[in-house]
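# Close look at the chain arrangement
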Amino acid sequence: MMQTRTHFGIGLFIGIVVAGLFFHFFAPRYSVIESDNKLIKHDKWSGNAWRYEGNKWEPITDITRDWKPVDAALMDALNIPAKGDANAPDAQMASLKKKYPVLETLSDEDIMERIKYIYARRIMVDLYFSNADVK
């Protein structure tokens, strides 16, 4: 009887140690990464994420926002005329590809990304040189 209790105690202790080592080394729940000079903690079990701000972890939430009023305000502020439906750029993209044959091999998404990149870079450079004290 005493030998059975000893074996049970040893087995229980070894099981707890092995489980603890497994959860510590092979199955960590949280992973912390650095993205854009910010620390982000991700919970692998629930999928939740937090960012480190102001010496504490702030939850990152998905926010569904209606961007149409924001887009309209920005287009008005940037003096961009609203021609046709902004949600259907297929005709504009087709005419752009027709005018410039080099664009025919690219997808519409790739062309839109390059337009955003080039336009944003041009605006930033123009703003910098118009505000900078360059001599």
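Residues numbered from 1 in each chain as written. Predicted model: local features only at pLDDT ≥ 70, side-chain atom pairs only at ≥ 80, totals over all residues. Heavy atoms only, no water.

### Some words on the pattern of salt bridges
This is how the line gets drawn: A side-chain nitrogen of Lys or Arg and a carboxyl oxygen of Asp or Glu constitute a salt bridge if their distance falls within 4 Å. Runs of H or I in DSSP of at least four residues are treated as helices and runs of E of at least two as strands, each being numbered from the N terminus. Each residue's exposure class comes from its accessible area (1.4 Å probe, protein chains only) as a fraction of the maximum for that residue type: buried when under 20%, exposed when over 50%, partly exposed otherwise.
With the rule as written, the count across this model stands at six salt bridges. A salt bridge links Asp108 to Lys97; the shortest N-O distance between them is 2.9 Å. Of the two residues, Asp108 sits in helix H4 (residues 108-131) while Lys97 sits in helix H3 (residues 90-99), which places them eleven residues apart along the sequence. On the basis of relative accessibility, which here comes to 29%, the residue Asp108 falls in the partly exposed class. Overall, Lys97 belongs to the buried group, its relative accessible area being 17%. Note that Asp126 and Arg122 form a salt bridge whose closest N and O atoms lie 2.9 Å from each other. Here the residue Asp126 and the residue Arg122 both occupy positions in helix H4, the gap between them amounting to four residues, near one helical turn. Note on Asp126: relative accessible area 40%, which makes it partly exposed. For Arg122, a relative accessible area of 48% translates into the label partly exposed.

### Description of the sheet that holds strand E2 (residues 38-43)
For clarity, the cut-off: Paired strands, in this sense, are two strands between which DSSP finds at least two bridges. Lines are fitted to the C-alpha atoms to define the axes, a helix being fitted only along its stretch in contact, and any angle between axes, read from their N-to-C directions, falls within 0 to 180 degrees.
Pairing is antiparallel in the open sheet, where four strands are placed in the order E1-E2-E3-E4. Single-partner strands in this sheet number two, and they are strand E1 (30-35) and strand E4 (56-60). Within this sheet the neighbouring strands show an average axis-to-axis angle of 30 degrees, counted without direction. Bridge analysis of E2 against strand E3 (residues 49-53) gives three bridges, and the strand direction is antiparallel. Within E3, the residue paired with His42 across the bridge is Ala49.

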